[in-house]
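# Residue-level structure breakdown
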Amino acid sequence: MDAFQDHYPENVSHCYGCGSQNEHGHQIKTHWEGDETVTRFTPEPYHTSVPGYAYGGLIASLIDCHSTGTAAAAMYRQEGRDMDSLPAFRFVTGSLHVDFLKPTPLGELTLRGTVKEIKGRKVVVECTVFAGDVATARGEVVAVQMPETFGQS
């Protein structure tokens, strides 16, 4: 199954969290499961805050990039378009709010997102991070559609 990020145009595929063109980044992969979006990510040992637990900044960046990818996919879905059709929908973060519910252990994490609102060039996404069946963080991202010329030289 293709991930949303597999369809990003090259000129906007350098993001540390979700860009396929960033060899040092997370390179997350997000897809639809019904009306939810899902990303699975396993932190590396260097993503540690204290032994055995993930750094909070990592969790925030995962929520951020999962949510902006969800925003793009939601706009394509709303318009009945394939994700590789032009003009491309790409989003940047207008705001990011994260609540840390419990310490997040190292190991596979699952992020689940839902679209709360689409209004013009803005998409609001709620995302929850799970370690197994335990919700460890919840975030809300206001994603704003970037202009087509953003990221072009």
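Now for a look at the structure at hand. From a predicted model like this one, the values you see are computed outputs, not experimental measurements. (Residues numbered from 1 in each chain as written. Predicted model: local features only at pLDDT ≥ 70, side-chain atom pairs only at ≥ 80, totals over all residues. Heavy atoms only, no water.)

## Some points on the packing of aromatic side chains
Note the cut-off: Two aromatic rings from Phe, Tyr or Trp, using only the six-membered ring of Trp, form a pair when their centres are within 6.5 Å; if the ring planes differ by under 30 degrees the pair is stacked, by over 60 it is edge-to-face, and anything between is tilted. The numbering of helices and of strands both runs from the N terminus, where a helix is a DSSP run of H or I of at least 4 residues and a strand a run of E of at least 2. Partly exposed residues are those whose accessible area sits between 20% and 50% of the maximum for their type, while under 20% is buried and over 50% is exposed, using a 1.4 Å probe and protein chains only. The rule for a charge over a ring is simple: NZ of Lys or CZ of Arg within 6 Å of the ring centre, and within 35 degrees of the ring normal.
For the structure on display, the rule yields 2 aromatic pairs. Consider the rings of Tyr76 and Phe89, whose centres lie 4.9 Å apart with planes at 75°: the pair is edge-to-face. You can see Tyr76 sitting in helix α1 (residues 56–79) and its partner Phe89 sitting in the loop between α1 and β3 (91–100), a full 13 residues away along the chain. Here Tyr76 falls in the buried class, since its relative accessible area comes to 2%. Judged by relative accessible area, which is 6%, Phe89 ranks as buried. Positioned above the aromatic ring of Tyr8 is the side chain of Arg90, whose terminal nitrogen or guanidinium carbon lies 3.6 Å from the ring centre.

## With respect to the pattern of salt bridges
Selection rule: Whenever a carboxyl oxygen of Asp or Glu lies within 4 Å of a side-chain nitrogen of Lys or Arg, that contact is scored as a salt bridge.
Throughout the structure, instances matching the rule amount to 8 salt bridges. One salt bridge connects Arg40 with Glu33, and the closest N-O pair in it is separated by 3.8 Å. Residue Glu33 is classed as partly exposed on the basis of its relative accessible area, which comes to 34%. For the salt bridge of Arg81 with Glu79, the shortest nitrogen-to-oxygen distance reads 3.4 Å. Look at Glu79 and you get partly exposed, because its relative accessible area is 44%. It is possible to trace a salt-bridge network through shared partners that takes in Glu33, Glu36, Arg40 and Arg112.

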